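# Residue-level structural notes
One-letter residues, chain by chain:
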Amino acid sequence: MLSRINTVSFQGIDTIRVTVEVQIAKGLPSFSIVGLADKAVAESKERVRSALDSIGLALPSSRITVNLAPADVAKEGSYFDLPIALGLLCAMEVLPSAELSHYTVMGELGLDGRIAPVSGILPAAVAANSYDTGFICPEVQGSEALWSNNPNIIAASSLLELINHFKGNVFIASPELKTYPATKSYLDLKDVKGQETAKRALEIAAAGGHNLLMIGPPGSGKSMLAARLPGILPPMTAEEILEVSMIHSVAGLLKDGSLITQRPFRDPHHSASMPALIGGGLKAKPGEVSLAHRGVLFLDELPEFQRATLEALRQPLETGKVTVARANVHVTYPAHFQLIAAMNPCRCGYLGVKGHECQRAPKCALEYQSKLSGPLLDRIDLHVDVPAVLPYQLAQMPQGETTETVAKRIAQAVEIQRKRYQGTPISQNAEADGPLLENIALLDKESQTCLIQAAEKMNLSARGYHRILRVARTIADLSGDKTILMHHINEALSFRRIFYNEGR
């Protein structure tokens, strides 16, 4: 007897349709799985055998062959358990093959027949919808699968329940769609006293999607500012919510069947390895840059990261995606994130701070800042100093603007950009390039002359020149101006810092 069950395999967040073929033939008793299966898939036969035994079914004393087609695509993961078990039941004529052929199946089996949750349910359900098939998944992930708009989803808690459903003994009710969690309460920007220049840079970064580097001594408020950025970022669109949630689903980080509705904020420790930050490892999983897709990647103590790891950020910062290349697989993940970084001016941290004079300046700063390459710094639009605030100044300073007030201004600038880029693949000024950037960079003659002179004096690269234009365009949008004026250019230029390692 031969049966076929539909399932999927993953290549990044993309799915590949896989057919599980199960054949029971005459011969010596055996159970083999073929089709480039990894260790987890190869062990499926033991879990399937025990799950069937727990419900009173035994495998026939025949030659059982399971083929995962196409055979030249690597298969990995425990979610092949359920399709293999259902394929066996169809081949044994316990379940109807014709009916199950209209479903795509995913799920891990426990030894007692329970169906355990697996990674990648959301993209698999979306793929099943495109295949025009129903979708069978673990009960606890039924709500997650519903976000795919697939009208025929069966979420079962056990193999026995699934058998009784298809035999007509019980009916598995459709899963319920879980509502979005309540809006997260963010830290308020008004709690940060002083640092008006840094707050302004944070506002510009949030409005245009620009990368930001904050430089200042310990305790000056760099981490406080970064932690308050999510509260002023524009909300995600429906397309972005689905895109971000699919990445987290593949990574196994989607919890409780709800989508990711708030922009991600990832802040890995500076000891993070390159596979952890960029993606990769044994199974080429998404890294922090992909988990921060459509959100923020905050790197504190930037020079303390391994240099090779930081240099690997250059490609995703420029292209919005990252390709993990291995001998047996090439996987591309989305990585369109906003980089917010913080660092001390030198190793001791107190360069230029009165009362904490650095005894090795400027050599200390030169050595410390030289850990960051020029090409990486050139990809960061905004560089801002965050000076120390003395205790007596804190006591005298009034509270600043609230997160709500700043977020309203940013929302207005974002709406201007949304209308401007309607019908194009981009949505923010930070993404504009080429002819599109020239079309939106409406400069009067005075502003253009100023920008050219500044670019020559500061020895800006072509990339740096364009980034000044993008920042100036965002500043103009925050002011509601259609034309980029002289003071917009001047403010954008003020956020280009000259480092000790300039030109390296």
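Residues numbered from 1 in each chain as written. Predicted model: local features only at pLDDT ≥ 70, side-chain atom pairs only at ≥ 80, totals over all residues. Heavy atoms only, no water.

### As for the overall build of the protein chain
Of the regular secondary structure elements, the protein chain holds 22 helices and 18 strands. Dimensions of the protein chain, computed from C-alpha atoms along their principal axes, come out at roughly 85 × 45 × 45 Å. Residue burial in the protein chain is summarised as follows: out of 504 residues, 51% are buried. At a minimum sequence separation of 6, the contacts of the protein chain that also span at least 24 residues come to 73%. Of the roughly 22700 Å² that the protein chain leaves accessible, carbon and sulfur atoms contribute 52%. If you average the places of the 50 positive and of the 51 negative side-chain charges in the protein chain, the two averages end up 4 Å apart. (Helix = DSSP H or I, 4+ residues; strand = E, 2+ residues; numbered from the N terminus. Buried < 20%, exposed > 50% of the residue type's maximum accessible area, 1.4 Å probe, protein only. Contact = heavy atoms within 4.5 Å. Areas by Shrake-Rupley, 256 points an atom, 1.4 Å probe, with all protein chains shown as cover. Lys, Arg positive; Asp, Glu negative; His and termini not counted. Charge placed at Lys NZ, Arg CZ, Asp CG, Glu CD.)

### Here we look at the pattern of salt bridges
Enumeration according to the criterion identifies 27 salt bridges in this entry. One salt bridge in this structure joins D112 and R114, with 2.7 Å as the shortest N-O distance. Between R496 and D378 there is a salt bridge whose closest N-O contact spans 3.2 Å. Taken together, the residues R496 in the segment after α22 (486–494) and D378 in helix α16 (residues 374–378) connect sequence positions 118 residues apart. Here the salt bridges do not stand alone but share partners, grouping E318, D378, R379, D381, R463, R467 and R496 into one network. (Salt bridge = Lys/Arg side-chain N within 4 Å of Asp/Glu carboxyl O.)

### Observations regarding the layout of surface pockets
Quantified by volume, the largest pocket comes out at close to 1200 Å³. Lining the largest pocket we find 47 residues, and of these R294, H336, S427, Q428 and E431 sit closest to its centre. Here the lining of the largest pocket is composed, by residue class, of 16 nonpolar, 16 polar and 15 charged. Approximately 680 Å³ is the volume attributed to the second largest pocket. Residue lining of the second largest pocket: 30 residues in total, with F10, A74, K75, E76 and K283 positioned closest to the centre. Broken down by secondary-structure element, the contributors of at least two residues to the lining of the second largest pocket are β1 (2–11) and β16 (330–334). Partitioning the lining of the second largest pocket into residue classes produces 14 nonpolar, nine polar and seven charged. (1 Å grid on protein atoms, 1.4 Å probe; cavity = no way out; pocket = protein on both sides within 12 Å on 5 of 7 lines; lining within 4 Å. Points joined across faces, edges and corners; volume = space filled by probe spheres on them. Nonpolar A, V, L, I, M, F, W, Y, C, P; charged D, E, K, R; others polar.)

### Concerning the environment of L376
Its location among the elements puts L376 in helix α16. Residue classification places L376 among the buried positions, given a relative accessible area of 1%. Separated by 66 residues in sequence, L376 and L310 place their C-alpha atoms 7.8 Å apart. Among residues more than four places away in sequence, those in contact with L376 are L310, E311, L313, R314 and L317.

### A short note on the side chain of K199
In this fold, K199 is placed in helix α8 (residues 196–208). Judged by its relative accessible area of 10%, K199 falls in the buried class. When neighbours within four sequence positions are excluded, K199 is seen to be in contact with L189, V192, G194, L225 and G400.

### Some remarks on helix α3 (residues 81–91)
In terms of burial, α3 is largely enclosed, as eleven of its eleven residues are buried. A positive backbone phi angle near 65° is found at E93, which sits one or two residues after α3.

### Points about the packing of aromatic side chains
Summed over the entire model, instances satisfying the criterion amount to four aromatic pairs. Considering the side-chain rings of F10 and Y79, the 5.7 Å spacing of their centres and the 75° angle between planes classify their relative orientation as edge-to-face. Pair noted here: F10 is in strand β1 and Y79 is in the loop between β4 (63–69) and α3, with a separation of 69 residues, a long-range link. Members of the aromatic cluster, each reached through a chain of ring pairs, are F10, Y79 and F80. Above the ring of Y131, the side-chain terminus of R17 is found at 4.5 Å from the ring centroid. (Phe/Tyr/Trp six-rings, centres within 6.5 Å; stacked < 30°, edge-to-face > 60°. Lys NZ or Arg CZ within 6 Å of the ring centre and 35° of its normal.)

### So, the sheet that holds strand β10 (residues 212–215)
Taking strand neighbours across the sheet as the criterion, the five strands line up as β11-β14-β17-β10-β18 in an open arrangement whose pairing is parallel. Among the strands making up the open sheet, the edge pair consists of β11 (265–266) and β18 (382–385). (Pairing = 2+ DSSP bridges.)

### Quick notes on the confidence of the model for the protein chain
Summary statistics for the protein chain give a mean pLDDT of 90 and a share of 96% for residues scoring 70 or more. Helix α17 (residues 391–396) is the least confidently modelled element of the protein chain, averaging 74 in pLDDT, while strand β5 (residues 103–105) averages 98, the highest of any element. Across residues 500–504, where pLDDT falls below 50, the model places 14 contacts with residues more than four positions away in sequence or in other chains. (pLDDT = per-residue confidence, 0-100.)

### Section: unusual backbone geometry
Of note, the amide linkage connecting A69 to P70 takes the cis form, showing an omega dihedral of 5°. Structurally, P70 can be placed in the loop between β4 and α3. The backbone of L36 sits at a positive phi, close to 55°, despite the residue not being glycine. Examined against the element boundaries, L36 turns out to sit in the loop between β3 (30–34) and α1 (39–42).

### A short note on the nonpolar core
Most often, soluble globular proteins keep nonpolar side chains buried together rather than apart. One finds L86, F135, I136, L159 and L162 to be the most contacted residues of the largest nonpolar core, which totals 55 residues. In terms of residue count, the dominant contributor to this core is α3 (eight residues). Ignoring any residue separated from it by four or fewer positions in sequence, one finds L159 in contact with A51, L52, I55, L82, A85, L86, L89, L109, G113 and I115. A205, L233, A454 and L493 belong to the second largest nonpolar core, which has 50 residues in total. (Core = buried A, V, L, I, M, F, W, Y, C linked by side-chain atoms within 4.5 Å.)

### A short note on the state of the cysteines
Throughout the structure, instances matching the rule amount to zero disulfides. In this model C364 remains outside any disulfide bridge; the closest cysteine sulfur is found in C346, 3.8 Å from its own. Accessibility expressed as a relative area gives 4% for C364, which makes it buried. (Disulfide = S-S within 2.5 Å.)

### Section: the pairing of strand β8 (residues 134–138)
In regular strands, side chains alternate between the two faces of the sheet. Of all five residues that make up β8, five are buried, and the element is covered over most of its length. For β5 and β8, the ladder comprises three bridges, and the chain directions are parallel. Following the sheet pairing, T104 is matched in β8 by F135. One ladder, built from four bridges, connects β8 with strand β9 (residues 153–156); its direction is parallel.

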